[in-house]
Amino acid sequence: MAKEFFVKTDVTFGKDAIQEISRILTQFGATNVLVVYDKGVKAVGIADKVVDAIDKDKFNVVEFDGVIPNPTNEVVEAGYAIAKENNIDAFVAVGGGSSMDTAKAINVLTSNGGNIMDYEGIGNVPKPVCPLIAIPTTAGTSSEITNVAALVDTKSVRKYVVIDNKIVADKVIADPEFTRTVPAGVTAATGLDAITHAVESYISNEATYLTKYNSLRGLQIFYENLPKVYENGNDMDAREKMMLGCIVVGFGFSNANLGLVHAIAHTLSAHFGLAHGVANACVLPYVTAFNAEKCPNEMIEMAKAINLPLTGEEEKDKFALANELGRMVKEMGIRPLHEQGREHKITEADFDIIATDALKEGPLHFNPRQDVTKETIIEILKKAF
C-alpha cells in the first residue's frame, strides 16, 4: 500500500544562523511580524537576540511573551488578539515546543478566524496560513518541523491536537548555541521526549521504511549524545548533534504518529501540569515493555541499534530497550509519578480518571497493541508511581 512521507520545512542550521532572519522575512514579503516566546527565553537573552536581529527599518516587530508550558486556549486567544490588532502577516516562534505550538495556533486563527478548537483533529484547517519561522531553543519536541500543535482545553481538562500540513513552519533557524543555557533538567526531559518520539514512531502501526529510518537514526543520536549534554551543558558538539537529531526524528514521527505513551502523557499534562517531556519519561519504560509483547522484533532492532547487550533469546531481549530506558529515566533525575503534579501531587486515587481520559486520546489509534484497556493503563501507572 502506498504511503505519503511529507517533508516541508527549509532549515538553516549552524552558529549565527539568526543573522539570516531579515533576509528570510523579506523573501516572505512580510511587514508586521509577531515574535512569540515565553518569559524564560526572554530571561536568558535569546528573545532579545532574535528581535535585535530583525531589521526595524523594514519590519514592524511586535512581541508576545505569554507562552506557558502546555499552552491553553486562553493563551492562544490572547496572542491572536495581539496579532489581529497589529495586522500580523508573519510569525517567529522562539523557544521549545510550547512556543512553536502557540505560534502555530495563533497563525491558524489569524488566517481562518473562529475558535482554535474548530480545527482540532487532522486536516481541518481550510485556508493557508501566514509564513512562520521557527527558532528552537531545545532539542526534543521537533515541533519546529512537524504539522502538529498540541494545546490544552482548560474547560474539559484535556490536551488535544491540531494536525495539518498547512501549519508546518516554513523556515527553521537552528543555532545550537541557543540551547547552551538550557538547564540539565530541561535537557533531560526534552531529550527523553525525543527518544519517546523515536521509539513510538518506530513501532507505530503507520510506520514505513522511510519513517523507521529516521526514527532509528534519531534514537541512536539521542542515546549517544543526551547523557553527554546532561553531564556537561557546554558540550556544543553533542548539543549540535541533538539539534540535528531532533529534526531527523521529527521527520519520522510526524509521518508515522505516536502511541500509548503520548496518550497517557497528554492526560497527565492536562490534569496535573506536568511538562510534556517529563510526562512521557515517567511512563515510557513501562509502555515500552507492554508493547514489546506485540513487536519483539522491532524492540530488538532498536536495542541492537544502540548496542545494548543481548542474550540471543527473544523472550529476554525484547525487554532490553525498556529496561535501558528505565535506567536512563532514573539516572537523569526524572522523579516517579507520586512526586509529580503542579498544583497537587498525583495519587493512586487519580489513576481512574487518568486512565479513562487516556483512552480517548488520538495517538492510541497508532499504538502497535490495540488491546489497551483502562485496567492496562492503571497497571502502567502503578509501575510508574
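Our subject in this report is the structure included herewith. Quick caveat: nothing in here was measured; it's all calculated off a predicted structure.

## Topic: the pattern of salt bridges
Inference 1: Applying the stated rule across the entire model yields 20 salt bridges.
Inference 2: Among the ionic pairs, Lys-382 bridges to Glu-379, the shortest N-O distance being 3.6 Å. Here Lys-382 and its partner Glu-379 are both found in helix 15 (residues 374-384), 3 residues apart, which amounts to about one turn of the helix.
Inference 3: On the basis of relative accessibility, which here comes to 40%, the residue Glu-379 falls in the partly exposed class.
Inference 4: One continuous salt-bridge network, built from bridges that share partners, spans Glu-293, Glu-315 and Lys-318.

## Considering the packing of helix 10 (residues 276-292) against helix 13 (residues 320-331)
Inference 1: Look at helix 10 against helix 13: their axes get within 8 Å of each other, and the N-to-C directions meet at 165°. In terms of orientation, helix 10 and helix 13 fall into the roughly antiparallel class. Like other packed secondary-structure pairs, helix 10 and helix 13 cross with a definite hand, here left-handed. Contacts from Ala-281, Leu-284, Pro-285, Thr-288 and Ala-289 in helix 10 reach Leu-321, Ala-322, Leu-325, Gly-326 and Val-329 in helix 13.
Inference 2: Considered class by class, the residues forming the contact of helix 10 with helix 13 number 8 nonpolar, 2 polar and no charged.

## Let's talk about the packing of helix 4 (residues 73-85) against helix 5 (residues 97-112)
Inference 1: Direction vectors running N to C along helix 4 and helix 5 enclose 55°, while the axes themselves pass 9 Å from each other. One finds that helix 4 runs oblique with respect to helix 5. Relative to helix 5, helix 4 is oriented so that their crossing is right-handed. Packed against helix 4, whose contacting residues are Val-75, Val-76, Glu-77, Gly-79, Tyr-80 and Ala-83, the element helix 5 presents Thr-102, Ala-105, Ile-106, Leu-109 and Thr-110 at the interface.
Inference 2: Of the residues that constitute the contact of helix 4 with helix 5, the class distribution is 7 nonpolar, 3 polar and 1 charged.

Definitions and cut-offs
- Residues numbered from 1 in each chain as written.
- Predicted model: local features only at pLDDT ≥ 70, side-chain atom pairs only at ≥ 80, totals over all residues.
- Heavy atoms only, no water.
- Salt bridge = Lys/Arg side-chain N within 4 Å of Asp/Glu carboxyl O.
- Helix = DSSP H or I, 4+ residues; strand = E, 2+ residues; numbered from the N terminus.
- Buried < 20%, exposed > 50% of the residue type's maximum accessible area, 1.4 Å probe, protein only.
- Axes fitted to C-alpha atoms, helices over the stretch in contact; angles between N-to-C directions.
- Parallel < 35°, antiparallel > 145°, perpendicular 65-115°, else oblique.
- Left-handed = near helix turned anticlockwise from the far one by under 90°.
- Contact = heavy atoms within 4.5 Å.
- Nonpolar A, V, L, I, M, F, W, Y, C, P; charged D, E, K, R; others polar.

Geometry only, nothing functional implied.
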